[in-house]
Amino acid sequence: MSIISVDTIAASNAPLLEQQKSDYAHLGGQLARRGVDIDAIKAKVKQFAVALPSWGVGTGGTRFARFPGRGEPRHVFDKLQDCGVVHQLTRATPGISLHLPWDHCTDYSELRGKAEAQGMYFDAMNSNTFSDQKDQAHSYKFGSLTHTDASTRAQAVEHNIAVIEAGRQLGSNALTVWIGDGSNFPGQQHFRRAFDRYIDSASQIYKALPDDWRMFLEHKICEPAFYSTVIQDWGSSYLAANALGPKAQCLVDLGHHAPNVNIELIVARLIAAGKLAGFHFNDSKYGDDDLDAGSVAPYRLFLVFNELVAAAHEGVTGFNPAYMLDQSHNVTDPIESLMSSAAQVQRSYAQALLVDRVALDAAQDGNDVLVAAQLLKKGFETDVTPLLQQARLEEGGAIDLLGCYRASGYRAKVAAERPASQGGGGGIV
Ligand code: LRH
Ligand code: MN
Ligand code: MN
């Protein structure tokens, strides 16, 4: 089922075809001189998928204000359709990651059917115990899975189990747990007891996982708790994942680290420990900014992919990370931002595939520092745009993502169907 008509995509591609052919041939020639087969890289890029966050197709906001765009999705079916547009044009985003209760739906089999008709599936499910829902018995103001009150913890556990059940109906096979629990004042929370309560609650969720499911523990240094957070970094995440068992792994959201932390090194450590769950890709300058992937620090994204490609190349056992975007768009059309992030993630992957691993091993073993550094730069500095465009073209996508999307008139069409949403106060959804 196509949301954007096949003719619209063809019409957008048509004037670019000749140029595309020659750009791809030119890059192919350059890579051949480096001993790289462009078609082999293209085949790998085509196999690569990054899932979309359902919450990413709505305009985000800050705690100061939200400025909604036109045609904001009204419910999960609209979100699915917007995600379908991203996938149709990029051909790189077949998975959708839902967040409950934001994406609550009375008929998950209908939702699953609609996704499958779009050639899409449901990736990891996300639970939300960081905000109170209507008619909820106990408040999460002072925590959820780690709350001092046992009934509040039980309610949070129950919600996670309900999310697993919804995910089972949707064909998902992972639960991502991020909690906002922590403290805002020194002395407010007993650090060790709060962590113990986390393990106790999380192990009840772990026990409810179907056999083939994984549990992704997502850490974050701060926010909404601004003095301490219970699962604040990969150390706490790793301790928890280890305590829970083999199905529990650590999820790396690129915006959730202390400033200057070496994220690619964390990735390498988690790979070595068999505990890398996967990623929430986005970019940041200061904190959990949720900017488009690679928009601020593309080299950092490349270095993360360098670790991933190296692990795949070396055949590290159990290496199977889940790739997802997690970003919030305040000033752009979310569909445009998600498409450009998906392409950016693909770009970093392709560039990392270009690194000469044999030469890098030799340079590292021989302590040839500059050559090692330059081998990485050589991959990063290669403009792989024609390769990404060719991969999309061959899969029925758009050579020019933005041009095609804007020419389709999709935003104006949904703006006419969907009532304008309210702006005003803060909030991420
Ligand atoms: C927390 C987070 C987490 C949530 C999402 C909305 O900052 O990254 O992944 O589920 O944002
Ligand atoms: Mn995240
Ligand atoms: Mn975040």
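Our structure is the block above this text.
Quick summary incoming for the structure in this document. Bear in mind the structure is a predicted one, so any value in this text is a computation, not a measurement.

Analysis parameters
Residues numbered from 1 in each chain as written. Chains lettered and ligands numbered in written order. Predicted model: local features only at pLDDT ≥ 70, side-chain atom pairs only at ≥ 80, totals over all residues. Helix = DSSP H or I, 4+ residues; strand = E, 2+ residues; numbered from the N terminus. Rg over C-alpha atoms; globule rule 2.2 N^0.38 Å. Buried ≥ 20, exposed ≤ 12 C-beta atoms within 10 Å, placed from the backbone. Contact = placed C-beta atoms within 7 Å. Pairing = 2+ DSSP bridges. Axes fitted to C-alpha atoms, helices over the stretch in contact; angles between N-to-C directions. Parallel < 35°, antiparallel > 145°, perpendicular 65-115°, else oblique. Left-handed = near helix turned anticlockwise from the far one by under 90°. Nonpolar A, V, L, I, M, F, W, Y, C, P; charged D, E, K, R; others polar. Near = placed C-beta within 6 Å. Right-handed = clockwise from strand over helix to strand, strands pointing away. Arc of directions from axis to C-beta. Expected span 1.5 Å × (residues − 1).

Observations regarding the overall build of the protein
Secondary structure summary: the protein contains 16 helices and twelve strands in total. Since a compact globule built from 429 residues should have a radius of gyration of about 22 Å, the 22 Å found for the protein is in line with a globular shape. The dimensions of the protein, computed from C-alpha atoms along their principal axes, are 65 × 60 × 40 Å. Looking at the protein as a whole, 46% of its 429 residues are labelled buried. Taking the intrachain contacts of the protein between residues at least 6 apart in sequence as the baseline, contacts between residues at least 24 apart amount to 80%.

Let's talk about the sheet that holds strand β4 (residues 121–122)
Hydrogen bonds between backbone atoms are what pair the strands of a sheet, whose relative direction is either parallel or antiparallel. If you trace the three strands from one edge of the open sheet to the other, you get β1-β2-β4, paired in parallel fashion. Looking at the sheet topology across the chains shown, the edges are occupied by β1 (52–53) and β4. Sheet topology note: the strand β2 (residues 95–97)/β4 ladder contains two bridges and is parallel. Across the sheet, the residue bridging to Gly-95 is Tyr-121, located in β4.

Focus on the packing of helix α4 (residues 76–90) against helix α5 (residues 108–117)
Two elements in contact, α4 and α5, have axes whose closest approach is 10 Å; the angle formed by their N-to-C orientations is 15 degrees. Between α4 and α5, the interaxial angle falls into the category roughly parallel. In this structure, α4 meets α5 at a crossing whose hand is right-handed. Taking contact as the criterion, the partners of Val-76, Phe-77 and Leu-80 in α4 are, on α5, Leu-111, Lys-114 and Ala-115. Tallied by class, the residues present in the contact of α4 with α5 amount to five nonpolar, no polar and one charged.

A closer look at the site of ligand 1
With respect to spatial proximity, ten residues lie near ligand 1, and among them Asn-126, Trp-178, Asp-253, Asp-288 and Asp-326 are the closest. Broken down by class, the residue content of the shell around ligand 1 amounts to three nonpolar, two polar and five charged.

Observations regarding the pairing of strand β11 (residues 276–281)
Counting buried positions over the six residues of β11 gives six, a clear majority of the element. In the sheet, strand β10 (residues 248–253) pairs with β11 via four bridges, with the strands oriented parallel. Residue pairing for β11: Val-252 is matched across the bridge by Phe-279. In the classification by handedness, the crossover that spans β10, the intervening helix α9 (residues 263–272) and the parallel β11 is right-handed. Sheet analysis places β11 next to strand β12 (residues 322–325), joined by four bridges and oriented parallel. By the bridge assignment, Phe-281 is partnered in β12 with Leu-325. Crossover connection from β11 via helix α10 (residues 298–313) to parallel β12: handedness right-handed.

What to know about the environment of Ala-240
Mapped onto the fold, Ala-240 is located in helix α8 (residues 234–244). Taking the C-beta count within 10 Å as the criterion, Ala-240 has 22 such neighbours and is therefore assigned buried. Measuring from C-alpha to C-alpha, the distance between Ala-240 and Ala-202 comes to 8.6 Å, with 38 residues separating the pair along the chain. Sequence-distant contacts of Ala-240, that is, excluding residues within four places in its chain, are made with Tyr-198, Ile-199, Ala-202, Leu-217 and Ile-231.

Regarding α9
Of all the positions in α9, only Ile-263, Ile-266, Val-267, Leu-270 and Ile-271 are classed as buried. The buried residues of α9 occupy an angular sector of 135 degrees when the element is viewed end-on, so they sit on one face. Here the buried face of α9 lies against α8, β10, β11 and α10. Where α9 ends, the next residue or the one after it, Gly-274, has phi of about 65 degrees, a positive value.

Description of α4
Across its 15 residues, α4 extends 21 Å between first and last C-alpha, which sits within 8% of the 21 Å expected from 1.5 Å per residue. For α4, a buried count of twelve out of 15 residues is recorded, marking the element as mostly surrounded by other parts of the structure. All of the buried residues along α4 are Val-76, Lys-79, Leu-80, Asp-82, Cys-83, Gly-84, Val-85, Val-86, His-87, Gln-88, Leu-89 and Thr-90. Arg-91 sits one or two positions beyond α4 and adopts a positive phi of about 60 degrees.

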